[in-house]
Amino acid sequence: MVTMTKNNIVVETRNLKKNYRLGEVEVHALKGINMKIKRGEFVTIMGPSGSGKTTLLNMIGALDRPTEGSVFIDNIDLIKMNDEELTQLRRAKVGFVFQFYNLIPVLSAFENVELPMVIKGITSKEREKRAIDLLSLVGLSMRLNHRPDELSGGERQRVAIARALANSPSIILADEVTGDLDTNTGNEIVEMLKKLNREKGQTLILVTHDSEIAKKAERILSIKDGLIASEEILN
């Protein structure tokens, strides 16, 4: 196992806390998370529903701001960034894969993958080549012009993975990506993510409640009641 140093840590949280108000009740979703993830590592965050794992992923991905504590991406303190800077950081460094795909229904697979590059201002020629290459990489070279409703669940998730890779992020955040899939398809999707992590060197952080899926990672962080309850190093 590679020793963690300041230079190879890509994600770090320090005393990370997040509270929500639900009517009269204040929910303490995160109660002081401290963790470090090194560059190129495949880590699963495992826990039951309501344990805080998706909230933690949203904090890492700069989709939400913490109540207290800090999140660092490549030693950059996200707390010190304004909304525009956070948007730029997400576009440059983070790719998201969600349980329910979050594809745009009226766009084809090709157009869904191309969209992040349009937003980033990449030229049409480069966008076209990269979108085709990415869809080929995930085994969908014959489905470029199919809309989401013309694809199976596994194929939609493959499109979502290709889209997450569009801007060559250093971090892939995957939230319950097998939750809407059958067991065999779910395993195929995670094996694909693992292969991409190994070959591309992108850091992969995968949230799951499934212990068998979690075991495919190098390290499991188990979260319970808003705190990291245990850590298991697998290989």
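Here, the structure is the one placed above.
Here the structure is a predicted model, which means the values were calculated and not measured.

(A) Representation of helix 3 (residues 109–120). Restricting attention to buried positions, one finds in helix 3 the residues Ala109, Phe110, Asn112, Val113, Glu114 and Met117. If you follow the buried residues of helix 3, they end up packed against helix 4 (124–137) and helix 5 (153–164). Note on helix 3: the residue one or two positions beyond its end, Gly121, has a positive phi of about 90 degrees.

(B) Just the packing of helix 3 against helix 5, in detail. Helix 5 packs onto helix 3 with a crossing angle of 25 degrees between their chain directions and a minimal axis gap of 8 Å. Judged by the angle between their axes, helix 3 and helix 5 are roughly parallel. Here helix 3 and helix 5 pass one another in a crossing that is right-handed. Contacts from Ala109, Asn112, Val113 and Pro116 of helix 3 reach helix 5 at Val159, Ala162 and Arg163.

(C) Summary view of the sheet that holds strand 4 (residues 68–73). Taking strand neighbours across the sheet as the criterion, the 4 strands line up as 2-1-4-5 in an open arrangement whose pairing is antiparallel. Of all strands in the sheet, those bounded by a partner on one side alone are strand 2 (25–38) and strand 5 (76–77). As judged from the 11 bridges shared by strand 1 (residues 9–22) and strand 2, these two strands associate in the antiparallel manner. In the strand pairing of strand 2, Glu12 is matched with Lys36.

(D) Representation of the environment of Asn145 within the structure. Position of Asn145 relative to the elements: it lies in the loop between helix 4 and helix 5. Since its relative accessible area comes to 66%, Asn145 is described here as exposed. The sequence separation of Asn145 and Phe110 amounts to 35 residues, and the corresponding C-alpha distance is 6.2 Å. If we skip the residues at most four places from it in the chain, Asn145 touches Ser108 and Glu150.

Cut-offs used in this document
Residues numbered from 1 in each chain as written. Predicted model: local features only at pLDDT ≥ 70, side-chain atom pairs only at ≥ 80, totals over all residues. Heavy atoms only, no water. Buried < 20%, exposed > 50% of the residue type's maximum accessible area, 1.4 Å probe, protein only. Helix = DSSP H or I, 4+ residues; strand = E, 2+ residues; numbered from the N terminus. Contact = heavy atoms within 4.5 Å. Axes fitted to C-alpha atoms, helices over the stretch in contact; angles between N-to-C directions. Parallel < 35°, antiparallel > 145°, perpendicular 65-115°, else oblique. Left-handed = near helix turned anticlockwise from the far one by under 90°. Pairing = 2+ DSSP bridges.

From the geometry alone we can't say anything about function, so treat these as descriptive.
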